[in-house]
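Observations on chain architecture
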Amino acid sequence: MSLLTNVMDHSLDDGYAEAAARKTAEGAGGMPKTVRAKLGLAAGLVLAALVVTVGAANARIAAPVVAKERQELIDRIERETASADKLEDTVDTLRADVSARQREALKKQGGGDQADLVGILSGATAVHGPGVKLVVNDAKAASGGGDGDPRETSGFSDTGRVRDRDMQRVVNGLWESGAEAVSINGQRLTALSAIRAAGDAILVDNKPLVPPYTVLAVGDGERLSTRFQNSADGLYLHALQENYGIRASISGEGDVRLSAAPSVIVRTAQPSTEKGTS
């Protein structure tokens, strides 16, 4: 009976009663939590709007300055580009003048026919005549390859890219097969020419070439083509085609025209006298 009486007298748990009393006290002595939360949210939104407004104002103020600096940079680039183009034109003019003076000096020193022959063999004179056209290109699915040098063991490229040593062998094979003058992508080769690499690019006399590589050679066209394809270097090129997908084609040409080399400057060698002394 005492238990039933206790339940009836204390129908609300003591913990709930304390919570209700505390909530009533907070409502009487201060601001409800929901109102404070709404005011805090409103204050945060106002602060965020203020930050965005200040940022936009600063951006508008700085925009004309940035635009002016950008235009100044563009103008400077255009001026420097025009200056570089002018210098390049000057270099081309000077090279042409040097080549003309070299040809004139050869004629004065050695006489007509001999001077012409020397000019042709040295690359200082533009030439034309029958010959061959050899086009060498990377494989269709050429890749960059992995670590190390893929040619150290086999001598070939397993990446499908034409390398400087490939072009060296091609050119040497043409010379050996009877070519009298050779150019690669319009670059006339001389006795001082160098075919080198810079990364994946092939350089001829320090000028980068872009594939496909078109090699023109003046000589007895049909004989030159046959001798090259049967030479060790021609077979090397054929192996590149068969094993690594490098593309190559050779054809005879009735009239191949090669321009003169920009300049042929000899810095060390000196002409000898008839007795063998300089």
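That block above? That's the structure.
Note that the structure is a prediction, hence the values are computed from the model and not measured. (Residues numbered from 1 in each chain as written. Predicted model: local features only at pLDDT ≥ 70, side-chain atom pairs only at ≥ 80, totals over all residues. Heavy atoms only, no water.)

1. A few points about the side chain of Asp166
So the rule is basically this: Helix numbering and strand numbering both begin at the N terminus, where a helix is a DSSP run of H or I of at least 4 residues and a strand a DSSP run of E of at least 2. We call a residue buried when its accessible area falls under 20% of the maximum for its residue type, exposed when it is over 50%, and partly exposed in between, using a 1.4 Å probe and counting protein chains only. We call two N or O atoms a polar contact when they sit within 3.5 Å, provided that within protein one can donate a hydrogen and the other can accept it, with sequence-adjacent residues counted only if both atoms are side-chain atoms.
Inspection of the secondary structure assignment puts Asp166 in helix 5 (residues 164-176). When its relative accessible area of 2% is taken as the criterion, Asp166 is described as buried. Looking at Asp166, its side chain comes within polar contact range of the main-chain nitrogen of Arg163, at 2.9 Å.

2. Description of the sheet that holds strand 2 (residues 181-184)
Applicable threshold: Criterion used throughout: strands pair if DSSP finds at least two bridges between them.
Taken together, five strands build an open sheet; the order of strands is 3-2-7-1-8 and the sheet is antiparallel. With partners counted over all chains shown, the strands left at the sheet margins are strand 3 (187-188) and strand 8 (247-258), one partner each. Bridge analysis of strand 2 against strand 7 (residues 213-218) gives four bridges, and the strand direction is antiparallel. Within strand 7, the position partnered with Val182 by the bridge is Ala217.

3. Let's talk about the sheet that holds strand 5 (residues 201-204)
Worth spelling out the cut-off: Comment: axis = line fitted to C-alpha atoms, over the contacting stretch for helices; angle = value between 0 and 180 degrees taken between N-to-C directions. Whether two residues are in contact is decided by their heavy atoms: any pair within 4.5 Å suffices.
Taken in spatial order, the three strands of this open sheet run 4-5-6, and their pairing is antiparallel. A strand with exactly one partner marks an edge of an open sheet, and here the two such strands are strand 4 (195-198) and strand 6 (207-209). Within the sheet, the average angular offset between the axes of one strand and its neighbour, ignoring direction, is 40 degrees. Of the pairings in the sheet, the one linking strand 5 to strand 6 comprises three bridges and is antiparallel in character. Counterpart to Val204 in the pairing with strand 6 is Lys207. Taken strand by strand, helix 5 contacts strand 4 and strand 5, and its axis lies near 170 degrees from that of strand 4.

4. A short note on the packing of aromatic side chains
Put simply, the rule is: Stacked, tilted and edge-to-face are the three classes assigned to paired rings of Phe, Tyr and Trp, where Trp is represented by its six-membered ring and a pair needs centres within 6.5 Å; plane angles under 30 degrees give stacked, over 60 edge-to-face, the rest tilted. The criterion is that NZ of a Lys, or CZ of an Arg, lies within 6 Å of the ring centre and within 35 degrees of the ring normal, and then a charge sits over that ring.
Counted according to the given criterion, the structure contains zero aromatic pairs. If you follow Arg169 out to its NZ or CZ, it ends over the ring of Tyr236, 4.1 Å from the centre.

5. Structural notes on the pattern of salt bridges
Put simply, the rule is: Salt bridges are defined as contacts in which a side-chain nitrogen from Lys or Arg sits within 4 Å of a carboxyl oxygen from Asp or Glu.
Scanning the model with the defined rule gives three salt bridges in all. Across the pair Asp255 and Arg257 runs a salt bridge, and its minimum N-O distance is 3.3 Å. We classify Asp255 as partly exposed; its relative accessible area is 43%.

6. Brief notes about the packing of helix 5 against helix 7 (residues 232-244)
Cut-off, in case you're wondering: In this scheme the crossing of two helices becomes right-handed for a clockwise turn of the near helix relative to the far one and left-handed for an anticlockwise turn of less than a right angle.
Orientation of helix 5 relative to helix 7, taken along the N-to-C sense of each, is 145 degrees, at an axis distance of 8 Å. Crossing of helix 5 against helix 7: the hand is left-handed. Two secondary-structure elements touch here, helix 5 through Arg165, Asp166, Arg169, Val170, Asn172, Gly173 and Glu176 and helix 7 through Ala232, Asp233, Tyr236, Leu237 and Leu240.

7. Some words on the pairing of strand 5
Examined bridge by bridge, strand 4 and strand 5 share four bridges and lie antiparallel to one another. Directly across from Ala197, in strand 5, lies its bridge partner Ile202. Counted along the chain from strand 4 to the antiparallel partner strand 5, the turn is two residues long, and its residue Gly199 has a positive phi close to 70 degrees. With antiparallel pairing between neighbouring strands as the criterion, strand 5 and strand 6 make up a hairpin whose turn holds two residues, including Asp205 at a positive phi of roughly 55 degrees.

8. A few points about the environment of Val171
Residue position: Val171 is located in helix 5. Beyond its immediate stretch of four places on either side in the chain, Val171 contacts Val182, Ile184, Leu189 and Ile195.

9. Details of the pairing of strand 2
The two faces of strand 2 match: Ala181 and Ser183 on one face and Val182 and Ile184 on the other face are all buried. Of the pairings in the sheet, the one linking strand 2 to strand 3 comprises two bridges and is antiparallel in character. Bridging from a neighbouring strand, Ile184 pairs with Gln187 of strand 3. The loop that links strand 2 with its antiparallel partner strand 3 comprises two residues; one of these, Asn185, has a positive phi angle of about 50 degrees.

10. What about the side chain of Gln187?
The residue Gln187 is located in strand 3 in this model. Every residue in contact with Gln187, bar those within four places of it in the chain, is listed here: Val182, Val204, Lys207 and Leu209.

11. Comments concerning unusual backbone geometry
Here the residue pair Pro211 and Pro212 is connected by a cis peptide bond, since its omega of 5 degrees sits within 30 degrees of zero. In this fold, Pro212 is placed in the loop between strand 6 and strand 7. For Asp205, which is not glycine, the phi dihedral falls at a positive 55 degrees. Looking at the secondary structure, you find Asp205 in the loop between strand 5 and strand 6. The phi dihedral of Asn206 falls on the positive side, at around 70 degrees, and the residue is not glycine. For Asn206, a relative accessible area of 69% translates into the label exposed.

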